[in-house]
Amino acid sequence: MNEFQVSILFAAVVAGAAPIILATLGETITERAGLINLSLDGSILLSAMAAFVTAYLTHSVAVGFIIGALVGALVAVLVAVFSIYLSQSQVAVGFVLTLMARDLAYFIGNPYSRLQGPQVMPLPIPLLADIPFFGPVFFNHNWPVYLSLVCIGILTWYMYRTPMGLALRAVGEHPKAVFARGMDPKKLQLFYAVCGGLLVGLAGATFSLSTKPGWGRPQGAEGTGWIALALVIFGGWHPVKAAIGAYLFSFLQVMGIYLQGWLPSIPTQVFQVAPFPLMIFTLLLISLAQKEAFLARVEKMPWIRPFIQMLSGTPPSALGKPHEAE
Amino acid sequence: MTMAQITSPGPAQLLKFVREFGLTLTVVVLFTTLVLLIAGAPPLDAYFYILKGSLGSWVKISHVLKTWVPLTLCGAGLLYTFRIGLWNIGIEGQVMMGAVFATLTLRLGLNSQWPMWFLGLSFAAAALGGGLWALIAGFLKTKGGVNEIFAGLGMNFVAQGLILWLIFGPWKRPGVASMSGTEIFPQSLWLPYISSLRLSPAAIALAVTAVLITAVMLRYSRIGLCLKAIGGNSQACVLYGLTPTHFMLLAMMFAGGFAGIAGCLQVSGVYHRLLPAISSNYGYLALLVVMLSNYNVWVVPFVAFFFACLNVGSIQLPMMLQLDSSLAGVIQGALVLATLAVSAWRGRRAKIFEAQTQEAVAK
Amino acid sequence: MRVELENIHKHYGSVRANDGVDLSVQGGEIHGILGENGAGKSTLMKVLSGYIRKTAGTITVDGRQVEFRSPGKASECGIGMLYQDPLDFLNLSVLDNFMLGQVSGLKNEREYYRRKLLPLSTHFNFNLDPNSPVSRLTIGERQQLEILRLLSIGIKVLILDEPTTGISEIQKQTLFAALKQLAREGKSVLLISHKLEDTQVLCNRVTVLRRGKVTGHMEAPFDTRQLLDQMFDQLPTPPSRLKASPGDTILSMSDVVSTGGRTGLQKCNILVRKGEVVGLAGLEGSGQGVFLRVASGMSRPKSGIVEVDGRSMIGKSHREFKDAGVTFVPTSRLEEGLVPGLDITEHFALNARKTRFFVRWSNALSAAKEKIEMFRISGRPRSPVQSLSGGNQQRLLLSFLPEAPRLLLLENPTRGLDVESAHWVWRHLQTYTARNTSIVFSSAELDEIVMVADRILVFFDGKIVKDVRAEDTDSRELGRAIAGEI
């Protein structure tokens, strides 16, 4: 491959990763606040449908994105209210919403299947887009892709550099202590569930208006939500590491298309399901990396240490355990 | 997770139940009607077609029962894993692997003199296949510390990939490989059925047996007690000489085994071949069935029947009203959510009431 | 500042944790809240700090009636509390913990708060590194951090819940000096304690609670006898130590090293003989818990030899320890000992013979009835265990003990029990020693250990630093060993 092809490849990776990054960052925020929004796979589809349909009806991509984001937030609010205020199992509610949001999307979106609708226009950034290699890879996309890039930075700054971000990290660690300090852990969690849901909704809108324009059954975004949930863990609940995971995944997807061309003897299905065994393997490594016996055994294999260090994220201590007043 | 105790209801409790049930139903009907109006469909017609499409004739009812059987089998299996506090989301893949193992066995019996033997064997193989697939997720959980939800989910996608590979690869139909699945088996390898309804009594009997066995196991066997105890507090159970991980694997195997049998019935009783969509989402749906049944084994068959009616009835929607059949899923999800909300609301109200009486007492 | 509590009630179901409590605190005083475990001290103070909502009653600050719906409202009025389990964030740094709750918005103000924390810290002779994660701090240092944070947000009434439990003697001195300084600066300190000694050193005034009611007020100097009368229904008559004649070795450990807890267990060597009652003393989490878990097979040591009856038990499971006659009863009853959601009968079914496929429900029910009677458990065979009181849960756990265990390992067997229940527990346990069972128990109450143990092991930082016969020592000497001064 010459340089030109490589830049096309990486540009495809960056573009393809955009919705995954948005969803992963959204879920990272939510889980950092101590809440698991398991409904991602369904809410991405529902917001993708809502975004496409509104964009189609209003001829405005921007309105589509807004509605998509709001729909994502709405599903997140349901998960949050059920778990924080009604003390129901987050997993149960999230799972029901996964199935329900998907079916709702198929049902309401049915008349809009396979229609030619509006999509986001490319927006190369002047000057920057002309830089060799980096130009086409990072600066020759449309604005949802730029948004995904900017969000990584903003979220990292917010979480680790601002007092509000400190409170976000704190509420996922020990909601009782947050309460004792005069803040309302329930409201904080609800707020961050909404923030996370907005990003997930944007991810859905990005799918139906940019990455895989249009609506249908299947849309093509199916399964992304589960990938995003796995990537949050892979990223150790850190936005930058989670984004790296999203790029790796996108790289695998793009390479799958190439590999299929090069190695026709390997059936297509292998490439389609490859991310999932990899997800399990990553989770296995994360959990093993916290076991001393395992660490002692791999001490003789120095090459494996950086991997383990990279994967040794600790989940927020109060993840999935909402605050209960005494 | 609340595990309902079986208590004999008094008249007052019955009245409360009816009131709450009515409230839940009203919420769901209102919501569904809203969804139908958004989709621009006549709600009353839609409900009518669902009813007619599910219970309108004996043939329709037999279709419902064909859906009821795998739902009930999976539901019964899930009770074991829920009892011990595991979220066996991998049940979908376990159904698929049951179907794969059943197909494998039946393929071996293609030119056999005794097809009935292979038919019988296919059930054992399917239970084994589903059970082993569940065990992988179980070991990932107990030995590897991987959350069973992610392990199960990953395994579902792998199972789906495996089925696609088999259909397009080694087991493809002579000439063309397509999404319509493998070659149809000869009738000798079909599960015997009542020809007018194309319904196999053996399948019904299996589902009923599964419910009865599960009820007895959970109520009267030591295994059932241990599952409940470990689900309540696995740490304390070590003190009682139990090994929680063993019981987790056991529960996974039960669930996987039942799911595998459901997969086998899909192959030998319904489709007579392996399809990409062989599991028809019944595993995922069964999770909702069990939640809506409040984890009570005696309620599972009824909820499963209702869900089956919705699934079969909504097939009419695309034909009669040009709507998508996924309305069934919307109603089912809304039902579970509304039930959770109503029970939570009841809990909150009881708490507020208690606080008020205490305040009055203190004053 | 003057704070007054009037007719405070806090009810949990039928339990009245506070039943009409009156209390008033002046500026500049150190006020002790005395009472035994479960007297309602913490509940009352949590009501004052806004952490829990009272059922009824009024709180006035400087004559103005206030209603605290959350701790935030209380701290706005200048009231702040240091909780018994420090409510801080282990994964965050000292500075982050200090800032949290004081500052909001998007502006990075770390440097401002670093400059605020350091002088405050030196003012009280505390030594805190702003960048260190809180997980590396000792309990005493975490308390110091919390006190500084509370002062920084302008607290004028400081409540401390059992602050001397789990901290070293030196840290205790530093803490007391800081509290006295606060009182001199006109702030009020409310000190919850069940230790007479602490209140005697520190307080100007005490209020005694018993069963949710005020049973007495007193100004310093205090009459210890009278205070004890007010704290307890009757002066506790301690169960006397049984004179045992120890026989052969039942448990032996040599060079056992294990991880777990805060300190792990380091190079532990010990012999326990038949019929012996061994008390494990030491600050909470100094290795007693790890010791008991290793000795019962609940956790496996990293190295060393564990023998029961001369048989090596290395690599054996808890079940095999159990078969060898070793029984372990953990401290947290609902977390480790009982199964919430199961009723009493189901617990007996769980304990029954393990070889049968079906549960003999009739047998379990009759066993439950019999033991409820015998152990005077106030509950029915079908009562879920989480509905029982702490004392009844402990009785239930003891009723599971086998007829003739060889070695009983008990972690804080009387924690959270009232005096009467605690005495009942010990009278019951002593019937075992009469049958030549050895007992090893841990306790946070030195008095209890001195009262009933034949032999005392003192743990410090994961090591056994003292191993003496009970008659050869006294509380003072043991107290020094517990604080690490040998």
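Residues numbered from 1 in each chain as written. Chains lettered and ligands numbered in written order. Predicted model: local features only at pLDDT ≥ 70, side-chain atom pairs only at ≥ 80, totals over all residues. Heavy atoms only, no water.

Draft legend 1. Main features of the environment of C:Thr60. Residues and elements named next belong to chain C. Mapped onto the secondary structure, threonine 60 falls in strand β4 (residues 56-61). Residue threonine 60 is classed as buried on the basis of its relative accessible area, which comes to 16%. It is 55 Å that separates the C-alpha atoms of threonine 60 and glutamate 276, two residues lying 216 residues apart in sequence. (Helix = DSSP H or I, 4+ residues; strand = E, 2+ residues; numbered from the N terminus. Buried < 20%, exposed > 50% of the residue type's maximum accessible area, 1.4 Å probe, protein only.)

Draft legend 2. Main features of the interface of chain C and chain B. Between chain C and chain B, the contact holds 36 residues from the first and 28 residues from the second. The contact between chain C and chain B buries some 2700 Å² in all, and 60% of this surface belongs to carbon and sulfur atoms. For chain C, the biggest contributors to the area lost against chain B are C:Leu350, C:Phe357 and C:Trp361; these three give 20% of the whole. Connecting chain C to chain B are one salt bridge. The salt bridge involving B:Lys228 is made with C:Glu346; its shortest N-O contact spans 2.8 Å. (Contact = heavy atoms within 4.5 Å. Buried area = accessible area lost by both parts, 1.4 Å probe. Salt bridge = Lys/Arg side-chain N within 4 Å of Asp/Glu carboxyl O.)

Draft legend 3. How the structure looks around the sheet that holds strand β19 (residues 455-460) of chain C. Residue and element names in this part refer to chain C. In spatial order, the strands read β16-β17-β18-β13-β19-β20; together these six strands make up an open sheet with mixed pairing. In this open sheet, the two strands that pair with only one neighbour each are β16 (326-329) and β20 (463-469). In this sheet, neighbouring strand axes are inclined to one another by 15° on average, regardless of whether the strands run parallel or antiparallel. Sheet analysis places strand β13 (residues 277-282) next to β19, joined by five bridges and oriented parallel. Of the residues in β19, the one forming a bridge with leucine 280 is leucine 457. Running at roughly 150° to strand β17 (residues 407-411), helix α9 (residues 288-295) makes contact with β13, β16, β17, β18 (438-442) and β19 of the sheet. (Pairing = 2+ DSSP bridges. Axes fitted to C-alpha atoms, helices over the stretch in contact; angles between N-to-C directions.)

Draft legend 4. Here's a closer look at the pattern of salt bridges. Tallied over the entire structure, the rule returns 28 salt bridges over all chains. In this structure, A:Arg181 engages C:Glu146 in a salt bridge whose closest nitrogen and oxygen atoms are separated by 3.1 Å. Residue A:Arg181 is found in the loop between α8 (175-180) and α9 (185-211), and its partner C:Glu146 is found in helix α5 (residues 139-152); the two belong to separate chains. Neither A:Arg181 nor C:Glu146 differs from the other in exposure class; each is buried. C:Glu197 is the salt-bridge partner of C:Lys172, the closest N and O atoms lying 3.8 Å from each other. Highlighted residues: C:Lys172 in helix α6 (residues 169-184) and C:Glu197 in helix α7 (residues 196-202), separated in sequence by 25 residues. Where salt bridges share partners, they join A:Arg181, C:Glu146 and C:Arg149 into one cluster.

Draft legend 5. Molecular detail of the environment of A:Leu22. Residues and elements named next belong to chain A. If you trace the backbone, leucine 22 turns up in helix α1 (residues 3-32). Note: C-alpha distance between leucine 22 and alanine 242 (220 residues apart in sequence) is 10 Å. Leucine 22 has contacts with Leu147, Ser148, Cys151, Leu199, Val200, Leu202, Ala203 and Thr206, leaving out every residue within four places of it along the chain.

Draft legend 6. Main features of the domain arrangement of chain C. Residues and elements named next belong to chain C. Taken as a whole, chain C is organised into domain 1 (3-231), domain 2 (236-325 + 402-486) and domain 3 (337-401). Once you take the C-alpha centre of each, domain 2 and domain 3 turn out to be 26 Å apart. Listed as interface residues are 14 residues of domain 2 and, on the opposing side, 10 residues of domain 3. Across the interface of domain 2 and domain 3, roughly 1000 Å² is buried in total on both sides, 65% from carbon and sulfur atoms. Our count for the domain 2 to domain 3 interface comes out at zero salt bridges. (Domains from an automatic or database assignment.)

Draft legend 7. Structural detail: the sheet that holds strand β7 (residues 157-161) of chain C. Residues and elements named next belong to chain C. Taken in spatial order, the six strands make up an open sheet running β6-β7-β8-β3-β9-β10, and their pairing is mixed. Each of the sheet's edge strands pairs with one partner strand only, and the pair in question is β6 (79-82) and β10 (213-219). In this sheet, adjacent strand axes meet at a mean angle of 20° when their direction is disregarded. For strand β9 (residues 205-210) and β10, the ladder comprises six bridges, and the chain directions are antiparallel.

Draft legend 8. Local environment of the packing of helix α3 (residues 58-83) of chain B against helix α11 (residues 282-292) of chain B. Residue and element names in this part refer to chain B. The N-to-C vectors of α3 and α11 enclose an angle of 65°; their axes lie 8 Å apart at closest approach. As for how α3 packs across α11, the hand of that crossing is right-handed. Every residue of α11 that contacts α3 at Thr67, Pro70, Leu71, Cys74, Gly75, Leu78, Leu79 and Phe82 is listed here: Tyr282, Gly283, Leu285, Ala286, Leu287, Val289 and Val290. Classifying every residue of the contact of α3 with α11 gives 12 nonpolar, three polar and no charged. (Left-handed = near helix turned anticlockwise from the far one by under 90°. Nonpolar A, V, L, I, M, F, W, Y, C, P; charged D, E, K, R; others polar.)

Draft legend 9. Here's a closer look at the side chain of A:Ser83. All names here are of chain A. Summarising the element assignment, serine 83 is placed in helix α3 (residues 61-85). We classify serine 83 as buried; its relative accessible area is 1%. Look past the residues within four positions of serine 83 in its chain and what remains in contact with it is Leu35, Gln88, Gln90 and Pro322.

Draft legend 10. Examining the interface of chain B and chain A more closely. Opposite the 47 residues of chain B that make contact, chain A presents 38 residues. Taking both partners together, chain B and chain A bury about 3700 Å²; carbon and sulfur atoms supply 79% of that area. In this assembly, chain B and chain A are joined by one salt bridge. Linking A:Arg217 and B:Asp324 is a salt bridge whose minimum nitrogen-to-oxygen distance equals 2.6 Å. The interface formed by chain B and chain A holds four residue pairs in polar contact (both at pLDDT 80 or more) in total. Those elements that place two or more of their residues in the side of chain B that touches chain A are α1 (11-38), α6 (148-168), α11 and α14 (327-362) of chain B. Per element, the largest residue contribution to the side of chain B that touches chain A is 13 residues, and it comes from α14(B). Split by residue class, the side of chain B that touches chain A holds 32 nonpolar, 11 polar and four charged. (Polar contact = N/O pair within 3.5 Å; in protein donor to acceptor, adjacent residues only side chain to side chain.)

Draft legend 11. The arrangement of helix α14 (residues 390-399) of chain C in detail. Residue and element names in this part refer to chain C. A large share of α14 lies buried, amounting to nine of its 10 residues. Burial in α14 covers these residues: Gly391, Asn392, Gln393, Gln394, Arg395, Leu396, Leu397, Leu398 and Ser399. The inward-facing, buried residues of α14 abut β16, α11 (333-337), α12 (344-351), α13 (361-374) and α15 (419-434).

Draft legend 12. Expanded view of a nonpolar patch on the surface. On the surface, B:Leu14, B:Phe17, B:Val18, B:Phe21, B:Leu25 and B:Val29 cluster together to form a nonpolar patch covering roughly 560 Å² of accessible area. Counting through the fold element by element, B:Phe17 comes out in helix α1. (Patch = residues over 30% accessible without salt bridge, like charges linked within 9 Å, V, L, I, M, F, W, Y side chains within 5 Å. Areas by Shrake-Rupley, 256 points an atom, 1.4 Å probe, with all protein chains shown as cover.)

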